[in-house]
Structure formats: structure tokens, C-alpha cells
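This is what each chain is made of:
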Amino acid sequence: MIALITGATAGIGAATSERFAQGGYKLIVTGRRASLLEELKVKLEKRYDVQVKTLVFDVRKPDEVEKNLSQLPPDWQKVDVLVNNAGLAVGLSPLQEGILEDWERMIDTNVKGLLYVTRIVAPWMEVHKKGHIVNIGSIAGKEVYPNGNVYCATKYAVDALSKAMRYDLLSSGIRVTQICPGMVETEFSQVRFKGDLQRAANVYKGFVPLSAGDIAEAVWYVTQLPAHVTVSDMVIMPTAQASATLVNKQL
Ligand code: NDP
Ligand code: 8X3
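Residues numbered from 1 in each chain as written. Chains lettered and ligands numbered in written order. Predicted model: local features only at pLDDT ≥ 70, side-chain atom pairs only at ≥ 80, totals over all residues. Heavy atoms only, no water.

**Details of the site of ligand 1**
Near ligand 1 lie 29 residues; those nearest to it are Thr9, Arg32, Asn85, Tyr151 and Thr186. The backbone of Ile12 places a nitrogen or oxygen atom 2.8 Å from an oxygen atom of ligand 1. Across the complex, the protein chains shield 96% of the 880 Å² of accessible surface that ligand 1 would expose by itself. Among the elements of the structure, α1 (11-22) and α5 (149-168) are those that each provide at least two residues to the shell around ligand 1. Split into classes, the residues belonging to the shell around ligand 1 amount to 12 nonpolar, 11 polar and 6 charged. (Near = heavy atom within 4 Å. Polar contact = N/O pair within 3.5 Å; in protein donor to acceptor, adjacent residues only side chain to side chain. Areas by Shrake-Rupley, 256 points an atom, 1.4 Å probe, with all protein chains shown as cover. Helix = DSSP H or I, 4+ residues; strand = E, 2+ residues; numbered from the N terminus. Nonpolar A, V, L, I, M, F, W, Y, C, P; charged D, E, K, R; others polar.)

**Considerations on the pattern of salt bridges**
What the rule picks out here adds up to 14 salt bridges. Between Lys112 and Asp108 there is a salt bridge whose closest N-O contact spans 3.3 Å. Of this pair, Lys112 and Asp108 are both found in helix α4 (residues 100-128), 4 residues apart, which corresponds to roughly one turn of the helix. Lys112 sits in the partly exposed class, given a relative accessible area of 34%. With a shortest N-O distance of 3.2 Å, Lys163 and Asp159 are connected by a salt bridge. Of this pair, Lys163 and Asp159 both sit in helix α5, 4 residues apart, roughly one helical turn. Owing to a relative accessible area of 39%, Lys163 belongs among the partly exposed residues under this scheme. Through salt bridges with shared partners, a single ionic network connects Lys142, Asp159, Lys163 and Asp233. (Salt bridge = Lys/Arg side-chain N within 4 Å of Asp/Glu carboxyl O. Buried < 20%, exposed > 50% of the residue type's maximum accessible area, 1.4 Å probe, protein only.)

**Points about the site of ligand 2**
Taken together, Ser138, Ile139, Ala140, Tyr145, Tyr151, Phe188 and Arg192 make up all the residues around ligand 2. Between Ser138 and ligand 2, the recorded distance is 2.5 Å, taken from a side-chain N or O atom to an oxygen atom. Within the side chain of Tyr145, an N or O atom sits 2.6 Å from an oxygen atom of ligand 2. For ligand 2, the protein covers 86% of the area, taking 240 Å² as the surface of the free molecule. In terms of residue class, the shell around ligand 2 is made up of 5 nonpolar, 1 polar and 1 charged.

**A short note on the side chain of Thr30**
Topologically, Thr30 is positioned in strand β2 (residues 26-31). You can call Thr30 buried: its relative accessible area is 1%. Thr30 has contacts with Leu4, Ile5, Thr6, Gly7, Ala8, Thr9, Leu37, Leu55 and Phe57, leaving out every residue within four places of it along the chain. (Contact = heavy atoms within 4.5 Å.)

**Points about the packing of aromatic side chains**
Counted by the stated rule, this structure contains 4 aromatic pairs. Ring centres of Phe20 and Tyr25 lie 4.9 Å apart, and the angle between their planes is 85°; this geometry places the pair in the edge-to-face category. Overall, Phe20 belongs to the buried group, its relative accessible area being 0%. For the pair Tyr25 and Trp220, a centre-to-centre distance of 5.7 Å together with 75° between the ring planes defines the contact as edge-to-face. You can see Tyr25 sitting in the loop between α1 and β2 and its partner Trp220 sitting in helix α8 (residues 212-223), a full 195 residues away along the chain. Per residue, the accessibility class of Tyr25 equals that of Trp220, and both read buried. Each member of the aromatic cluster is reached from another via a ring pair, and the members are Phe20, Tyr25 and Trp220. Geometry around Trp76 places Lys26 over its ring, the cationic atom sitting 4.9 Å from the centre. Against the face of Tyr151 rests Arg192, its NZ or CZ located 5.3 Å from the ring centre. (Phe/Tyr/Trp six-rings, centres within 6.5 Å; stacked < 30°, edge-to-face > 60°. Lys NZ or Arg CZ within 6 Å of the ring centre and 35° of its normal.)

**Some words on the sheet that holds β2**
In a beta sheet, neighbouring strands are held together by backbone hydrogen bonds and run either parallel or antiparallel to one another. Reading across the sheet, the 7 strands line up as β3-β2-β1-β4-β5-β6-β9 and stay open at both edges, with parallel pairing between neighbours. Where the open sheet ends on each side, the last strands, each with one partner, are β3 (52-56) and β9 (233-236). Neighbour-to-neighbour, the strand axes of the sheet open up by a mean angle of 15°, direction not taken into account. One ladder, built from 5 bridges, connects strand β5 (residues 132-136) with strand β6 (residues 175-181); its direction is parallel. Bridge pairing in β6 links Ile136 to Ile179. Sheet strands in contact with α5 are β5, β6 and β9, and its direction is about 160° off that of β6. Against the sheet, α8 engages β4 (81-84), β5, β6 and β9, with an angle of about 160° to β6. (Pairing = 2+ DSSP bridges. Axes fitted to C-alpha atoms, helices over the stretch in contact; angles between N-to-C directions.)

Here it is as C-alpha cells:
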């Protein structure tokens, strides 16, 4: 069995890669930071005795996506599970003060990147009439929150595209699941706040956030169900979080 996981250099993608390695899958892991991918490969191959291929590309660049994925040997193109995880938030400010470059990064990564990868991998799955696509959405794709504007819009797009994939791939027997986490402590807030580590750490103070491993376990669960069962949509929150904006913080 083969799993292809985008954004595997950190957070949810790295934890999901480890979960699938533990389950005996061969892995194709992708991201932009080559050295982190190499470290992950060495660790997983040693710890779990599985084969890991690394592909270094930016999901925002369709030519890079196509070139890297198409160069996989035919045996490696028989992908059983695609986890569309690569994504980010950049900035947290009112729409009327939005920074164009931040908007482009989020839209290009979270929406167009997911599309570019899926456009290559879904046809491979169609040939074999099986496969499972897991899209990492967000609570931000279910509820908008103040200053979340464009990030939320990209995750609403993931919500729509997850449904669209399920419709368009129905006759091929390919499963499509969207997993929508609430707050998960990863590099997410460091990226959102452009390296302001203190501000990032404050986001997770006063309550127990989800861990990347919690989401990895959910991805593993949905993909291991019998072939006739699809979890279409899963929202996972920290127990201390009731909505996008309502968090029971004990500060
Ligand atoms: P991290 O910042 O820890 O990891 C993000 C991953 O995405 C990294 O591996 C990064 O790799 C990759 N990535 C980002 N941009 C690109 C790009 N242009 N090309 C290729 N890879 C890219 O964040 P999380 O693990 O938290 O985020 C993973 C997903 O989960 C995202 O889609 C996020 O929106 C979603 N999510 C996160 C939540 C949270 O609270 N943390 C909650 C809900 C959803 P590299 O930098 O090496 O390219
Ligand atoms: C990430 C979680 O609440 O910061 O998608 O949008 S949140």
C-alpha cells in the first residue's frame, strides 16, 4: 500500500506520515524543505522498515507538481491514499487591511495547490478503480471568524472541492474524506504570525490543543474502514474549543 502525503515536513503531515509508516505503508512525502524531508525519510525507514520517497516541490507551481509526480516510477503511481495536507494561514487582519501577497500565498497553496496535486493523482486512482483522497480542511471552512477572512475562504473552498471530488469520482469507487480540525499546535501559528514565536505560543496557552498526532490518528482511522464505508466529513475539536472563536481558556 502507498500513501502520498503533502506538507510532510512539519505538523499534521509529518505525524500522518509516521502513522502510515507505522501501519506498513510505503510513503511518498512532499514539501519544500528538502533537509526535513530527508530527515523524515531516514527516521521512518529506520524505525518502521518501510520505503520512503521524498519529492521536493512547491504545490503552488503546477509545472513543479506535474514534473515531480510524473517522474515517479509506475509502481509508485499506484497511490492508495492521497492526503492533501499542505497549507497555511498568513496573517490575521481585517479584510480591508489585507496584504495582497498574503492572500495570494493562501489561495495559491490551500486551493490551487490542492487542485494541482489532485489533478495528477486522481487519474492514477481512476485507472485502478480504487483509492482514498483525504483533504485537510478546517473548522475555518465551516465557520468564518473575525480577521480570518481569506484563510477561511480557502478552507470553505476545500469544503466545496471535497464534495465536488466525491461527486466527480463516484463512479470510480474512489473515497473522499474531509477532515476539519480545530486548533492544533504545530508550526501553523508561527507561519501565520510570520515567525513571531511568542504570539504563536500564546494561541495555545490556557487549554489543551489538539496535537498533530490526534489528526494523524483520524486520517489513519478513516482510511482503514472497510471499502464500502466512507467518512465524508469529520470535524475534530479540542475538548476546550466549542466553535472557531469559543475556547475555554484558563489563563
Ligand atoms: P505546519 O505549518 O506545521 O505544516 C504545514 C505543512 O505544509 C509543512 O509541511 C509545509 O512544508 C507545507 N507547505 C506549506 N506551503 C507549502 C507549499 N507552498 N508547497 C508545499 N508544501 C507546503 O501546519 P499544520 O500541520 O498545522 O497544517 C497542515 C494543514 O492543516 C494545513 O492545510 C492547515 O491549514 C490545516 N489545519 C491546521 C490547523 C491547526 O490549527 N494547526 C487546524 C485546521 C487545519 P514546507 O514549508 O516544507 O513546504
Ligand atoms: C486552523 C484553525 O481556527 O486557526 O485552520 O482557523 S483556525
